[in-house]
Protein chains: 2
Amino acid sequence: MATYKAPIREIQFVLNDVLDAGQLSALPSYGDATMETMNGLIEEAAKLIEEQIAPLNASGDTEGCRWNNGEVSVPKGFAEAYQQYWQAGWVGLSNPPEFGGAGLPYTLSKVVDEMLCSADVAFALYPGLTVGCFEALHALGTDEQKATYLPKLGTGEWTGTMCITEPHAGTDIGSVKTKATPNGDGSYALDGGKIFITSGEHTMADNIIHFVIARLPDSPPGVKGLSTFVVPKFLVNADGSLGARNPVRCTSIEHKMGIHGSCTCALQFEGAKGWMVGAPNTGIQNMFVMMNLARILVGLQGLGQCELATQNAINYAKDRKQGKAFNGGETIIDHPDVRRMLLTMKATTEGARVMAYETGLYVDLAHHHPDPAVREAAGDWVELNTPLVKSFCTDSAFDLGSLAVQVYGGHGFIREHGVEQIVRDSKILCLYEGTNGIQAMDLVRRKLMMHNGRLPQRFFAKLRSESTADAPVGFIAKPLREAVDELEKTTQWLQESFKTRPDDVGFGAVDFQRAFSLTYLGYNWLRMAKAASLSTNDDAWKLSKLTTAQFFAQRMLPQVHALCANVRNSATELMTLDAASF
Amino acid sequence: MATYKAPIREIQFVLNDVLDAGQLSALPSYGDATMETMNGLIEEAAKLIEEQIAPLNASGDTEGCRWNNGEVSVPKGFAEAYQQYWQAGWVGLSNPPEFGGAGLPYTLSKVVDEMLCSADVAFALYPGLTVGCFEALHALGTDEQKATYLPKLGTGEWTGTMCITEPHAGTDIGSVKTKATPNGDGSYALDGGKIFITSGEHTMADNIIHFVIARLPDSPPGVKGLSTFVVPKFLVNADGSLGARNPVRCTSIEHKMGIHGSCTCALQFEGAKGWMVGAPNTGIQNMFVMMNLARILVGLQGLGQCELATQNAINYAKDRKQGKAFNGGETIIDHPDVRRMLLTMKATTEGARVMAYETGLYVDLAHHHPDPAVREAAGDWVELNTPLVKSFCTDSAFDLGSLAVQVYGGHGFIREHGVEQIVRDSKILCLYEGTNGIQAMDLVRRKLMMHNGRLPQRFFAKLRSESTADAPVGFIAKPLREAVDELEKTTQWLQESFKTRPDDVGFGAVDFQRAFSLTYLGYNWLRMAKAASLSTNDDAWKLSKLTTAQFFAQRMLPQVHALCANVRNSATELMTLDAASF
């Protein structure tokens with residue numbers, strides 16, 4: 001069985017020594033969020049997650065969810081663990097105090113998300129979607145809507161969903177058909193079928209609040225005719241008590257490759273009562289309020305699974321004896337190819353953690369810093385980082401899950417060892433909230449272009465200023481400078497090709513996205529190497545960080561060049577080949 | 001559900017136009033094996049496989065195998081399909097006629113293996129291991145052993161296993177503990193536990209013949225003290241009838257990530273009666289008689305899964321509407337990132353097919369060509385190709401399975417669509433019969449070194465002579481020449497570093513193996529492009545081949561340079577990091 005121990009030291013190193021997350025307590029909203037407080041909370045969350053949640057991961061996968069005549073049961077232990085989790089305040093950690101939250105930094109909640117998603121990523125979706133739904137209603141809802149739903153959604157006492165996808169409308173959200181017809185009393189009657197609704201139906205919470213994309217009568221076609229609605233499972237009376245069951249029926253649940261503990265529901269809205277959230281026909285913008293933060297959360301899910309894969313593979317490799325290595329070592333960690341895999345896993349996971357936490361930090365700065373210039377810069381980073389953190393952390397989760405299986409050898413293929421579950425659970429992360437191909441399109445067609453290319457300019461300037469000094473980290477500063485040059489050249493090529501050769505841009509987008517993320521990780525490893533160099537109290541740990549940085553600099557960062565060379569190619573002939581000839 | 005249609009045209013193109021498999025009928029043993037005969041048999045096998053086997057793939061995955069008090073039941077339909085399959089002669093296709101086979105080329109049997117492994121790779125293991133066991137007994141057994149077991153093993157009426165792995169002895173085969181004690185009558189009593197025994201127990205066949213690695217009393221420790229034994233499930237009387245049940249007990253079956261239709265058994269030998277095969281303490285060499293051909297077969301399993309992933313992804317992408325593409329196309333095949341994925345899949349699968357079939361062809365030439373020089377050269381290619389075909393086709397199967405899921409988007413994660421099964425079924429291919437890391441060690445430490453480096457020299461010379469001419473295939477001939485230069489430089493570096501810096505060699509082995517395979521695929525795409533250029537009767541098909549070749553030349557073949565640069569690195573610091581510091 002896969003085991004999980006929260007990597008407290010790594011987490012604190014990134015927060016304290018690399019990102020200086022202590023700066024958050026200087027923000028007016030976060031005066032209480034000192035590093036000491038945050039460290040204490042991280043340790044407290046880690047204890048609960050390790051002891052109460054992680055043990056459910058394997059059993060939840062084996063048991064899965066069950067549908068019975070519209071009711072959905074979750075795996076044994078999930079309901080109790082969820083009650084414990086929200087009641088301890090972890091769902092509401094960064095929600096505003098007026099709605100039951102603790103008002104602590106978003107960054108901190110992402111750290112807790114990482115740990116929860118290592119322990120059991122299927123379980124983590126129940127609080128995850130709840131927070132997403134909260135964020136949308138908090139940003140867009142009327143005072144009355146907020147008063148009705150947020151106090152209990154904010155703590156996690158009620159859970160939330162986002163209802164977007166329909167059988168014919170996945171990436172192509174403009175073809176959503178679910179209808180919302182005015183009832184004449186300010187409410188709407190929703191009719192239509194939604195699929196792939198995470199946590200769409202269960203009895204772990206007293207109520208479920210659906211955030212639904214639908215179409216008003218006479219609205220324009222396509223994405224411009226979408227609106228958003230709040231549709232509770234049980235109507236809420238004026239005094240806050242629960243009223244009638246709304247006709248939102250779960251018609252089936254999906255049988256999936258992984259995340260078996262998460263119920264993925266088909267929901268039929270049969271004249272269900274809902275209320276519009278935000279203005280008519282602004283549904284697509286409203287959805288992105290939720291979606292952008294959801295994409296960052298999915299990145300954290302990926303990071304959690306990266307960590308799970310990495311720590312289990314390392315532990316196994318330290319323990320498993322299988323022939324003598326060249327260097328005389330008796331466990332497989334001394335076999336060079338196993339070590340190559342483990343260093344790939346370490347370099348990826350630790351580098352991705354800096355990217356993910358930094359994204360969280362920029363969200364906090366963008367929302368709470370008193371200086372508008374800082375808010376603007378932080379906002380740019382959030383925009384740029386969102387597709388990177390979503391795609392890189394999730395692609396890596398799948399890849400590292402596969403590497404973990406490889407480290408275990410044939411035993412990795414056996415379910416009881418728990419690492420094959422990482423492969424199965426992680427794959428969905430590359431697909432939902434916009435496939436990783438869609439992330440790449442967001443990167444090349446929006447993020448590179450907005451504000452006249454200001455986002456990547458900030459990025460390149462920052463990396464250049466950080467990588468000037470050579471000693472003692474020249475071994476990574478130099479290849480990082482080369483990677484930045486290559487990436488900037490390719491960025492310019494994409495910016496120039498954007499309008500005239502959209503297919504060329506689209507064809508190279510995924511390779512470019514990976515090149516961008518690897519360059520970002522180079523920057524992270526540079527900063528980690530610098531911070532570790534300054535550490536004086538643990539030579540073994542310091543050497544581990546510097547060696548991993550060296551591995552990254554030598555064998556992973558140079559991939560940027562081959563990827564970028566791929567991007568700067570014509571795809572004309574590839575795109576004109578007739579589909580029938582495939 | 002994934003569907004399967006045998007790619008007859010592709011198969012025949014590779015056999016006829018690229019590899020000139022018609023040359024087989026000039027060999028004394030294969031006078032009957034004209035291309036016409038082989039093509040007819042391929043079509044006949046395809047029909048049976050498409051109609052009778054492919055429909056079992058999804059149901060076999062869902063139902064799986066069941067253990068009940070030592071008995072194992074296979075999924076519904078497997079037993080009937082197996083009877084049909086062996087009775088039609090497909091198990092014995094390339095076995096010698098004196099033992100019930102059809103005596104047709106090994107190459108042809110690999111083509112049928114590819115198709116069977118597309119249709120249902122779990123099912124394919126029952127005949128697969130049977131042929132492996134046959135080959136070992138045919139090569140090593142006494143006349144009496146052959147007369148006893150081979151007539152029914154050769155047709156597939158009985159099935160076979162290879163019993164090697166024990167809980168502590170996977171890659172480290174020298175630590176096998178199962179004991180073989182002489183009974184005094186020429187037979188031995190086997191005692192010990194084996195795990196991961198494919199087809200170890202079932203009732204689909206009247207008897208199961210185990211080929212077992214065990215240790216004689218007083219044998220030297222390690223691999224030099226291993227011997228091989230034939231141990232039937234039911235003893236065979238002198239008249240060929242079945243006698244007593246041998247005490248080989250199936251104590252459990254594994255619950256696995258995939259290949260649920262294949263029973264993976266733990267077997268306990270409790271004084272089971274066996275007979276030694278080959279000389280005492282030559283077990284490791286004997287095992288490799290079986291293992292080398294088994295590795296090629298695993299490569300074909302990978303190829304089969306590559307094809308399954310590719311054709312389903314292409315069909316889905318041609319059918320699925322999801323927004324308008326830049327070029328106005330209405331199905332997702334016109335979205336550039338989807339097309340990138342599909343071309344990656346096509347380029348990989350079709351390139352791998354040439355590698356796999358060519359390996360089969362060289363096996364035939366090595367065994368049956370009248371000229372000893374040709375036999376020697378062909379044998380060298382088989383040696384070199386074995387780790388390449390095993391690792392590349394299986395890594396690709398997993399990667400392409402993942403790409404297929406990505407093409408399907410969220411629907412790919414749902415079991416009923418059938419492509420996530422490819423990911424789960426394929427992962428074992430990267431692990432068994434020597435993990436792909438072990439293949440890489442075989443490549444760099446044995447295949448590069450034997451006969452003073454003669455194997456890679458032959459390879460480079462062949463590729464150079466093939467890639468001299470430019471027009472009309474200069475677009476791939478030139479990058480191929482560059483790849484060969486890079487690979488040869490790296491090969492020399494590895495050959496020089498072999499003794500003094502084994503850890504550096506081991507650290508780069510997997511990257512080198514991939515670079516080698518990609519170069520091999522460059523050679524294959526060059527040959528396919530040449531052959532397609534000569535085709536005059538179907539311009540659409542010709543354009544498809546040339547476009548895919550161009551994609552490979554432009555975006556996949558250049559990876560050789562980055563991989564080789566990785567290889568030629570020192571791993572000293574990476575290897576000296578203390579295991580405790582991970």
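All values reported here derive from a predicted model rather than from experimental measurement.

### Remarks on the overall build of chain A
Point 1. What chain A contains, in helices and strands, is 18 helices and 11 strands.
Point 2. Rg of the C-alpha trace for chain A: 24 Å, near the compact-globule value of 25 Å for 582 residues, within the 12% margin.
Point 3. Principal axes of the C-alpha set define a box for chain A whose edges measure 75 × 60 × 55 Å.
Point 4. By residue count, 61% of the 582 residues in chain A fall in the buried class.
Point 5. Across chain A, every contact between residues at least 6 apart in sequence was considered, and the portion connecting residues at least 24 apart equals 75%.

### Things to note about the domain arrangement of chain A
Quite often, the size of an interface is put as the accessible area lost when its parts meet.
All names here are of chain A.
Point 1. Here the domain parsing of chain A yields domain 1 (8-54 + 89-119 + 286-430), domain 2 (160-281) and domain 3 (436-574).
Point 2. Taking the mean C-alpha position of each, domain 1 and domain 3 sit 20 Å from one another.
Point 3. Among the elements that take part in the side of domain 1 that touches domain 3, helix α10 (residues 372-408) stands out by supplying 11 residues, more than any other.
Point 4. Residues that form the side of domain 1 that touches domain 3 fall into these classes: 11 nonpolar, three polar and seven charged.

### Concerning the nonpolar core
Point 1. Counting 409 residues, the largest nonpolar core has A:Leu137, A:Phe229, B:Leu137, B:Phe229 and B:Leu342 as the members making the most contacts within it.
Point 2. It is helix α8 (residues 283-319) of chain B that contributes the most residues to this core, 18 residues altogether.
Point 3. For A:Leu137, the residues in contact, after removing those within four places along its chain, are A:Gln145, A:Lys146, A:Tyr149, A:Leu150, A:Leu153, A:Phe211, A:Val230 and A:Val277.

### A short note on helix α1 (residues 8-18) of chain B
Point 1. Among all positions of α1(B), only B:Ile11, B:Phe13, B:Val14 and B:Leu15 are buried.
Point 2. At the C-terminal side of α1(B), B:Asp20 shows a positive phi close to 50°.

### So, the relation of the copies chain B and chain A
Point 1. Laying chain B over chain A is done by rotating through 180° and shifting 0.0 Å along the axis; what remains is an RMSD of 0.0 Å. The operation mapping one copy onto its partner corresponds to a two-fold rotation axis. No C-alpha of chain B approaches the rotation axis more nearly than that of B:Ala562, which lies at 3.4 Å.
Point 2. Mapped onto chain A, 99% of the interface residues of chain B are again interface residues, and the two copies thus contact each other with one and the same surface.

### Describing the environment of B:His561
Point 1. Among the structural elements, B:His561 can be located in helix α17 (residues 559-567).
Point 2. In this structure the C-alpha to C-alpha distance between B:His561 and B:Val419, which are 142 residues apart in sequence, comes to 32 Å.

### Considerations on the environment of A:Ala540
Point 1. Within the secondary structure, A:Ala540 is located in helix α16 (residues 539-556).
Point 2. Judged by the 10 C-beta atoms lying within 10 Å of it, A:Ala540 falls in the exposed class.
Point 3. Contacts of A:Ala540, omitting those with residues within four sequence positions, involve B:Asp578, B:Ala580 and B:Ser581.

### Focus: the packing of helix α10 (residues 372-408) of chain B against helix α13 (residues 450-466) of chain B
All names here are of chain B.
Point 1. The N-to-C vectors of α10 and α13 enclose an angle of 100°; their axes lie 9 Å apart at closest approach. The orientation of α10 with respect to α13, classified from their angle, is roughly perpendicular. Between α10, through Ala-377, Asp-380, Glu-383 and Leu-384, and α13, the contact on the second element is made entirely by Arg-454, Leu-455, Pro-456, Arg-458 and Phe-459.
Point 2. Of the residues that constitute the contact of α10 with α13, the class distribution is five nonpolar, no polar and four charged.

### A short note on the interface of chain B and chain A
Point 1. Opposite the 78 residues of chain B that make contact, chain A presents 77 residues.
Point 2. For the side of chain B that touches chain A, the element with the most residues is helix α16 (residues 539-556) of chain B, which contributes nine residues.

### Describing the confidence of the model for chain A
Low pLDDT means the predicted coordinates in that region are not meant to be read closely.
Point 1. With 100% of its residues at a pLDDT of 70 or more, chain A shows a mean pLDDT of 97.
Point 2. Here the predicted complex scores 0.98 on pTM and 0.97 on ipTM.

### Considering unusual backbone geometry
Point 1. Phi is positive for A:Phe196, which is not a glycine, with a value near 60°.
Point 2. Mapped onto the elements, A:Phe196 comes out in strand β5 (residues 188-198).
Point 3. The backbone phi angle of B:Asn69 is positive, close to 55°, even though this residue is not glycine.

### Concerning α16(B)
Point 1. Taking 1.5 Å of rise per residue, the 18 residues of α16(B) would be expected to cover 26 Å, and the 25 Å separating its terminal C-alpha atoms lies within 8% of that figure.
Point 2. For α16(B), the complete set of buried residues consists of B:Lys545, B:Leu546, B:Thr547, B:Thr548, B:Ala549, B:Gln550, B:Phe551, B:Phe552, B:Ala553, B:Arg555 and B:Met556.
Point 3. Among the structural elements, α17 (559-567) and α18 (572-576) of chain A together with α9 (336-368), α14 (474-497), α15 (502-534) and α17 of chain B are those in contact with the buried residues of α16(B).

### Here we look at the packing of helix α9 (residues 336-368) of chain A against helix α15 (residues 502-534) of chain A
Residues and elements named next belong to chain A.
Point 1. Their axes nearest at 9 Å, the elements α9 and α15 cross at an angle of 95°. Compared by their axis directions, α9 and α15 come out roughly perpendicular. When α9 is examined against α15, the residues Glu-350, Gly-351, Val-354 and Met-355 are found in contact with a partner set consisting of Tyr-520, Leu-521, Asn-524, Trp-525, Arg-527 and Met-528.
Point 2. In the contact of α9 with α15, the residues fall into six nonpolar, two polar and two charged.

### A look at the pairing of strand β5 (residues 188-198) of chain B
All names here are of chain B.
Point 1. Within β5, eight of the 11 residues are buried, which leaves the element mostly enclosed by the surrounding structure.
Point 2. The sheet contact formed by strand β4 (residues 179-182) and β5 spans four bridges and is antiparallel. Note that in β5 the partner of Thr-181 across the bridge is Ala-189.
Point 3. Counted along the chain from β4 to the antiparallel partner β5, the turn is five residues long, and its residue Gly-184 has a positive phi close to 95°.
Point 4. By the bridge criterion, nine bridges tie β5 to strand β11 (residues 264-277) in an arrangement that is antiparallel. Across the sheet, the residue bridging to Ile-197 is Cys-265, located in β11.

What counts as what
- Residues numbered from 1 in each chain as written.
- Chains lettered and ligands numbered in written order.
- Predicted model: local features only at pLDDT ≥ 70, side-chain atom pairs only at ≥ 80, totals over all residues.
- Helix = DSSP H or I, 4+ residues; strand = E, 2+ residues; numbered from the N terminus.
- Rg over C-alpha atoms; globule rule 2.2 N^0.38 Å.
- Buried ≥ 20, exposed ≤ 12 C-beta atoms within 10 Å, placed from the backbone.
- Contact = placed C-beta atoms within 7 Å.
- Domains from an automatic or database assignment.
- Nonpolar A, V, L, I, M, F, W, Y, C, P; charged D, E, K, R; others polar.
- Core = buried A, V, L, I, M, F, W, Y, C linked by C-beta atoms within 7 Å.
- Least-squares fit on C-alpha atoms with pLDDT ≥ 70 in both.
- Axes fitted to C-alpha atoms, helices over the stretch in contact; angles between N-to-C directions.
- Parallel < 35°, antiparallel > 145°, perpendicular 65-115°, else oblique.
- pLDDT = per-residue confidence, 0-100.
- Expected span 1.5 Å × (residues − 1).
- Pairing = 2+ DSSP bridges.

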